Amino acid sequence: MKFSFPHPMVILLGFIVLAALGVYLIPSGEFDRIIDPLSGREVVVPGSFHAIEDVTPSLKDILLAIPEGIIAGADILVLILFIGGAFYIVEKTGALQLGIENLFFRFKSSKFILIYLLGVVFAFGGAAVSMQEEIIPMVPILILLATKLNYDLRSIIAITFGSSMIGAALSPFNPFVGLLAQNIGEVIPFSGFGFRSTALGLILFSWITFHLIQGKKSNPSSQDVQFKPSSLTLRDISILFLAFGGFGLMAFGIIQWDWSYTEMSALFFVIGMACGIIAGKGLNGTARLYVSGFGEMIFAGVIVGLARSIYLILEKGAIIDSIIQGLFSPLENLPNALAITGMFISQALIHIPVPSTSGQAVLTIPLAAPLTELLGISRQVAVLAYQLPAALMDMLTPTNGGMMAIIAAGGLSYKDWISYIWKSWIMITLICLGITLLGILWF
């Protein structure tokens, strides 16, 4: 019988089974926790790890974790539905098609500039707010871009989603990743700005250039599509302004007004309804389009929820702290370069069971920062050794529901994505490890 690569849902269910086996094989343990006065978050106390009575979830508990994970991710699911519904409406108005055709017509002699601009915009989104789930509803746009460019869709996803993750990996001002880790690790906020910004510029340029070339190589028989775009009407311009201006307002709301997923969902609900009415679809027509858009996005939302189920099972078995202790404790007696390399690798591995970058910071930085200080290394290096691998792993690990949902929305299998991305991912990861080691001398 011919082997068929597993469906994304099957892959995540497989990880749920592995998590269930883990709670039976790994002894339960925990760190003491206190409230960090700088970040206001609950953090672990270094050196406080202790074994506890084994917590063994029943089969019922493990099965319940599957719907519980989806329920726990309800706020993200709602955001995906509302943004997806809004962009489905925009797509059906025809404004999106016309907008992209006009954009490509303007860049017809220098499409590579457009691709670089695309990567830079998404990198800024990643640097600012770790943009990931927000990309899921935009996948139909990425498909259209790939078609017009005659590029491999995987290269377009790498240039957009991948650039966003690179932005998050080296961001000097991301409140959910770098700044949070600096606060917890008692490092001066925004310190290392020049070092990080320079590294981000060099790595991002290398990443986009690689996939700009690779995307065309992967589709060598393609020929440029010739078209003469129609003029955009005032109605089309209004719809596009509302749709894409919403992302700018969303980013501003997150940074300035501390918006949650609820406020973002409400914003795009209003944008979706407004775009439908402006397009002349009427209330009933707009509502029908919105419902159709929900249908396009529901699977992506479920994938995000299933990824959360894995963490819930590990949490029920009280083995997350045990995993972290097992990975960090051997590093104390290693030479500096080996210890930081081990910390970098450990943080990458920890991101598989703990796919939340902010959650990972809370769990690991209170342990990693004192360890680097003990080795005579700046705590800034501990932040780098967490931030870089955690963000980069988001491009690779199946436990990242956002990434799995993006490729699923694009009609790609996990095998399709990994077979394309692995070489460039290893290249960038090794460069980022080098940057982390350079931090030992720099800071």
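Residues numbered from 1 in each chain as written. Predicted model: local features only at pLDDT ≥ 70, side-chain atom pairs only at ≥ 80, totals over all residues. Heavy atoms only, no water.

- The name recorded for the protein chain in an unreviewed UniProt entry is C4-dicarboxylate ABC transporter, from Algoriphagus sanaruensis.
- UniProt, in the comment section headed Subcellular location (unreviewed entry), describes the protein chain in these words: "Cell membrane". (UniProt positions renumbered as here; feature names shortened; annotations may be inferred.)

1. Details of the overall build of the protein chain
So, step 1. Along the protein chain, the regular secondary structure elements total 18 helices and 4 strands.
So, step 2. Whereas a compact globule of 443 residues would reach a radius of gyration of roughly 22 Å, the protein chain reaches 22 Å, a difference of no more than 12%.
So, step 3. Each principal axis of the C-alpha distribution contributes one length, and for the protein chain these read about 65 × 55 × 50 Å.
So, step 4. For the protein chain, the residues scored as buried account for 54% of the 443 residues in total.
So, step 5. For the protein chain, contacts bridging at least 24 residues in sequence account for 79% of all contacts bridging at least 6.
So, step 6. As displayed, the protein chain offers around 19,100 Å² of accessible surface, 67% of which is attributable to carbon and sulfur atoms.
So, step 7. Looking at the protein chain, you have 22 positive and 26 negative side-chain charges, and the mean spots of the two groups are 18 Å apart. (Helix = DSSP H or I, 4+ residues; strand = E, 2+ residues; numbered from the N terminus. Rg over C-alpha atoms; globule rule 2.2 N^0.38 Å. Buried < 20%, exposed > 50% of the residue type's maximum accessible area, 1.4 Å probe, protein only. Contact = heavy atoms within 4.5 Å. Areas by Shrake-Rupley, 256 points an atom, 1.4 Å probe, with all protein chains shown as cover. Lys, Arg positive; Asp, Glu negative; His and termini not counted. Charge placed at Lys NZ, Arg CZ, Asp CG, Glu CD.)

2. Remarks on the packing of helix α10 (residues 234–257) against helix α11 (residues 261–278)
Helix packing geometry: the angle between the two helix axes and the distance between the axes.
So, step 1. Their axes nearest at 10 Å, the elements α10 and α11 cross at an angle of 175 degrees. Considered as vectors, α10 and α11 are oriented roughly antiparallel to each other. Packed against α10, whose contacting residues are Arg235, Ser238, Ile239, Leu242, Ala243, Gly246, Phe247, Leu249, Met250 and Ile254, the element α11 presents Met264, Leu267, Phe268, Ile271, Ala274, Cys275 and Ile278 at the interface.
So, step 2. Its residues assigned to classes, the contact of α10 with α11 shows 14 nonpolar, 2 polar and 1 charged. (Axes fitted to C-alpha atoms, helices over the stretch in contact; angles between N-to-C directions. Parallel < 35°, antiparallel > 145°, perpendicular 65-115°, else oblique. Nonpolar A, V, L, I, M, F, W, Y, C, P; charged D, E, K, R; others polar.)

3. A short note on the environment of Glu30
So, step 1. Along the chain, the position of Glu30 falls in strand β1 (residues 29–30).
So, step 2. For the pair Glu30 and Gly245, spaced 215 residues apart in sequence, the C-alpha to C-alpha distance is 45 Å.
So, step 3. Discounting residues that sit within four places of it in the chain, Glu30 has contacts with Ser48, Phe49, His50, Ile52 and Asp321.

4. Overview of a nonpolar patch on the surface
So, step 1. A contiguous nonpolar surface patch, about 620 Å² in accessible area, is contributed by Val17, Leu18, Leu21, Tyr24, Leu25 and Ile26.
So, step 2. Within the secondary structure layout, Leu18 lies in helix α1 (residues 8–25). (Patch = residues over 30% accessible without salt bridge, like charges linked within 9 Å, V, L, I, M, F, W, Y side chains within 5 Å. Salt bridge = Lys/Arg side-chain N within 4 Å of Asp/Glu carboxyl O.)

5. A few points about the pattern of salt bridges
So, step 1. One pass over the full model with this rule turns up 4 salt bridges.
So, step 2. Close ionic contact of Arg33 with Asp321 constitutes a salt bridge, the shortest N to O distance being 2.9 Å. Highlighted residues: Arg33 in strand β2 (residues 33–35) and Asp321 in helix α13 (residues 320–328), separated in sequence by 288 residues.

6. Some words on helix α14 (residues 336–350)
The α-helix winds at 3.6 residues per turn, so residues separated by three or four positions along the chain end up facing the same way.
So, step 1. Taking 1.5 Å as the rise per residue, α14 with 15 residues should run 21 Å; its terminal C-alpha atoms sit 21 Å apart, in good agreement.
So, step 2. Of all the residues in α14, the buried ones are Ala339, Ile340, Thr341, Gly342, Met343, Phe344, Ser346, Gln347, Ala348 and Ile350.
So, step 3. Packed against the buried residues of α14 are α13, α15 (357–374), α16 (379–393) and α18 (414–442). (Expected span 1.5 Å × (residues − 1).)

7. Section: α13
So, step 1. Listed as buried for α13 are Ile320, Asp321, Ser322, Ile324 and Phe328.
So, step 2. Check the buried side of α13 and you find it contacts β1, β2, α12 (282–316), α14 and α15.

8. Examining the packing of aromatic side chains
So, step 1. A complete count under the given rule lists 14 aromatic pairs for this structure.
So, step 2. Both rings, one in Trp257 and one in Trp259, keep their centres 5.6 Å apart while their planes meet at 45 degrees; by these two values the pair is tilted.
So, step 3. On the basis of relative accessibility, which here comes to 48%, the residue Trp257 falls in the partly exposed class.
So, step 4. Aromatic ring contacts, followed pair by pair, group Phe82, Phe269, Tyr290 and Phe294 into a single cluster. (Phe/Tyr/Trp six-rings, centres within 6.5 Å; stacked < 30°, edge-to-face > 60°.)

9. With respect to the confidence of the model for the protein chain
So, step 1. Summary statistics for the protein chain give a mean pLDDT of 86 and a share of 95% for residues scoring 70 or more.
So, step 2. When mean pLDDT is taken per element in the protein chain, helix α7 (residues 153–170) scores highest with 94 and helix α4 (residues 95–106) scores lowest with 78. (pLDDT = per-residue confidence, 0-100.)

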